[in-house]
Amino acid sequence: MTYEIEIAGRIRRVSVRREGGGFAVAVDGRSFHVDAARTDPHSLSLIVDDGPVPGTSLDVAVAAGASNGRLTVQVGALPIPVTMNGRRGWRSGHAAATAAGPQRIATPMPGKIVRMLVKVGDVVAPRQPVVVVEAMKMENELRAARGGTVAEVHGREGASVDAGALLVVIQ
Amino acid sequence: MQKILIANRGEIAVRVIRACRDMALSPVAVFSECDRAAMHVRLADRAFAIGPSAPRESYLNIDRIIDAARKSGADAVHPGYGFLAENAEFARAVARAGLVFIGPSPQAIDAMGSKTAAREAASRAGVAVVPGTPRPLDASASGAEIAAAANAIGYPILVKAVAGGGGKGMRTVVDPADLASAVVSARSEAQSAFGDAAVYLERRLTRPRHIEVQLLADGHGTVVPFVERECSVQRRHQKVLEETPSVAISPAVRAKLTSAAAAVAKAVGYTNAGTIEFLLDEGGEFFFLEMNTRLQVEHPITEMVTGVDLVRWQIRVARGERIDLDPAAMIAPNGHAIECRIYAEDPDNNFLPSPGRIEFLRAPAGPGIRDDSAAAAGLDVPIFYDPLISKLVAWAEDRPQAIARMRRALGEYRIGGVRTTVPFFVWLLGEQAFVDGRTHTAYLDEVLRDRNGRPFLEPSADVEEVAAMAAALQAMLGSTAERKPAAAPDASRWRTDARLEGLRQV
């Protein structure tokens, strides 16, 4: 089985086949032997033999992403966003929208629009705040992930919004 | 006192339930719609629905909580913190219903609820306050009068809401030309946040530390202050990490600080648990800031270095008991403790709340670790409340070991389905300024501004390789795929052994 897996904007080709009670795994051509034990529906204990370095024990967990349908793989304390594009990849419908196309900025929680910081036609830089929503006792800045031009603005300052409400679209 | 209703939710409700169990008292929970399956409901003896999820309609609804208390047959109410904990009207309603309020008197809540009244009480007790206006600014005060008051205090100035908290209704003014507009905007924010537009002026100290003193006071005139906590690591005026003792407080200063705290509490006839907050300036002078008339989120670190169960004492004091703790021991900490507030927030996306279902959870444990939490796999972090998942506490013989244990515990934490502030804390505990104890209340905001959104932990190429491997294996195996079977118990062998055992006995 071969998968295309995107991490931090880079696609890695990962092939997996069963081998001697474990798996032969190749990541971009680098080969490992992996003994995988499932510890719960989200978690795997891996013992990885990497050529001369045998027996690396890793405790990993895989969960659906919190916001946009990607996966989050947790390695140690580090959550790593991952997008599956493989033949049996999960949620491949969502995966395509993550790196290209318009950015749709929606509020993850219900709240009130405190300040709308952009208007249609504005050019925004990566990480620029575009709208401030008050929720859970705090004012939260929603930011553009990438630069672009504001194509749509929804909602007025002072308006209440539901979770998932689309506020700004950036082309 | 037999049965205690806990007018709260989440980890603090669970914390109070545990104290009840330790004392063989029966805990009663209340819950909103979205909290039906919450941990505090499951751990309580009895549980009562008090309305829809919006706080105003449930956890802030005094009538429904009193009604639940009556139905349950509770004889006392513990408010936890947040929600109604510092609401004098609630304390009065509890008393009117013939129940014991486990907290201070309504008069004490009122007296310390106004920041200007609290400053006055501290001054009366002979404790220095941050220089500022003794009373709220007159609503009709002219621009010239306000400017004169500010000049008398000296810039930079803070405009602060009298009813304030959490940085709301607060403005910093460096340039006198900005004073008038700052007063206007602080007033309007205070009005909408607290229903009270009153503001006053206070000098902004340069790089102060936030130092606070926990105390317990009984109804017989005993006030016992505890070793200080330092809570200088704050993001936008919200504490994120607390520790005790402070690296900046010598035993001599501790003696002065704790007696000052006790003097303020005595001046207002305070009873039960409370905390006096101070600012410590760069010159080592401390100034009264405010009093919190409730249990604090960070109370566990005090418990760890003194061995005192503060919630148990809250209940004992409310029953009329005398405090018989040794005051000298309470300001002589055993070791060092640190608390990290683990929130369901995405630290790499400007700390935006990350509500949702917790898909899996494994909490850290082991020597010196305490995890005060109400989270579990399958539970939601609701969108309606403060998204605190856990108060993770590490104790050790000294500060470097406590930091090492906290790092170990953070590395063990596994929480899936929501983003958490765990990676942020791993980063923070590796920062040299924190390790050296060089923090002040603006420290974190300054560092975060300079980082400009850079991720706190960046995976190495190796870790990315592991992530790719894990995602591929999970996809191939599927989440319900076979687990390596444990060696099947050999039933026939057991029978044989049992038979042999039987034969031996014959």
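Residues numbered from 1 in each chain as written. Chains lettered and ligands numbered in written order. Predicted model: local features only at pLDDT ≥ 70, side-chain atom pairs only at ≥ 80, totals over all residues.

Account for the overall build of chain B, with residues named and values stated.
Scanning chain B for helices and strands turns up 18 helices and 23 strands. In summary, chain B has a C-alpha radius of gyration of 25 Å against a globular reference of 23 Å for 506 residues, a match within 12%. The principal-axis extent of the C-alpha atoms belonging to chain B is close to 95 × 60 × 50 Å. Residue burial in chain B is summarised as follows: out of 506 residues, 51% are buried. Summarising the internal contacts of chain B: among those between residues at least 6 apart in sequence, 66% fall at separations of at least 24. (Helix = DSSP H or I, 4+ residues; strand = E, 2+ residues; numbered from the N terminus. Rg over C-alpha atoms; globule rule 2.2 N^0.38 Å. Buried ≥ 20, exposed ≤ 12 C-beta atoms within 10 Å, placed from the backbone. Contact = placed C-beta atoms within 7 Å.)

Tell me about the domain arrangement of chain B, residues and numbers included.
Residues and elements named next belong to chain B. Segmentation of chain B into domains returns domain 1 (3–102), domain 2 (115–128 + 207–334), domain 3 (131–203) and domain 4 (335–477). Listed as interface residues are twelve residues of domain 1 and, on the opposing side, eleven residues of domain 2. Per-element tally for the side of domain 1 that touches domain 2: the top contributor is helix α1 (residues 10–22), with four residues. For the side of domain 1 that touches domain 2, a count of residues per class yields nine nonpolar, no polar and three charged. (Domains from an automatic or database assignment. Nonpolar A, V, L, I, M, F, W, Y, C, P; charged D, E, K, R; others polar.)

Account for the environment of arginine 18 of chain B, naming residues and giving values.
Within the fold, arginine 18 of chain B resides in helix α1. Separated by 151 residues in the primary sequence, arginine 18 of chain B and glycine 169 of chain B have C-alpha atoms spaced 36 Å apart.

Quick rundown of unusual backbone geometry? Include the residues and the values.
Of note, the amide linkage connecting tyrosine 155 of chain B to proline 156 of chain B takes the cis form, showing an omega dihedral of -5°. Topologically, proline 156 of chain B is positioned in the loop between α7 (143–153) and β6 (157–165). In this structure, aspartate 28 of chain A is a non-glycine residue whose phi angle is positive, near 50°. Inspection of the secondary structure puts aspartate 28 of chain A in the loop between β3 (22–27) and β4 (30–40). Classification of aspartate 28 of chain A by C-beta neighbours within 10 Å gives exposed; the count is 12.

Requested: an account of the environment of cysteine 340 of chain B, with residues and values cited.
Residues and elements named next belong to chain B. Take cysteine 340: it is sitting in strand β15 (residues 336–343). Look at cysteine 340 and you get buried, because 26 C-beta atoms sit within 10 Å. Each C-alpha atom of the pair cysteine 340 and phenylalanine 425 lies 7.3 Å from the other, and the pair is 85 residues apart in sequence. Beyond its immediate stretch of four places on either side in the chain, cysteine 340 contacts Leu241, Leu392, Met406 and Phe425.

A description of the sheet that holds strand β4 (residues 76–78) of chain B should follow, citing residues and the corresponding values.
Residues and elements named next belong to chain B. The five strands lie next to each other as β3-β2-β1-β4-β5, forming an open sheet whose pairing is parallel. Of all strands in the sheet, those bounded by a partner on one side alone are β3 (46–49) and β5 (100–101). Where β4 meets β5, two bridges bridge the pair, whose relative direction is parallel. Bridge pairing in β5 places alanine 76 opposite valine 100. (Pairing = 2+ DSSP bridges.)

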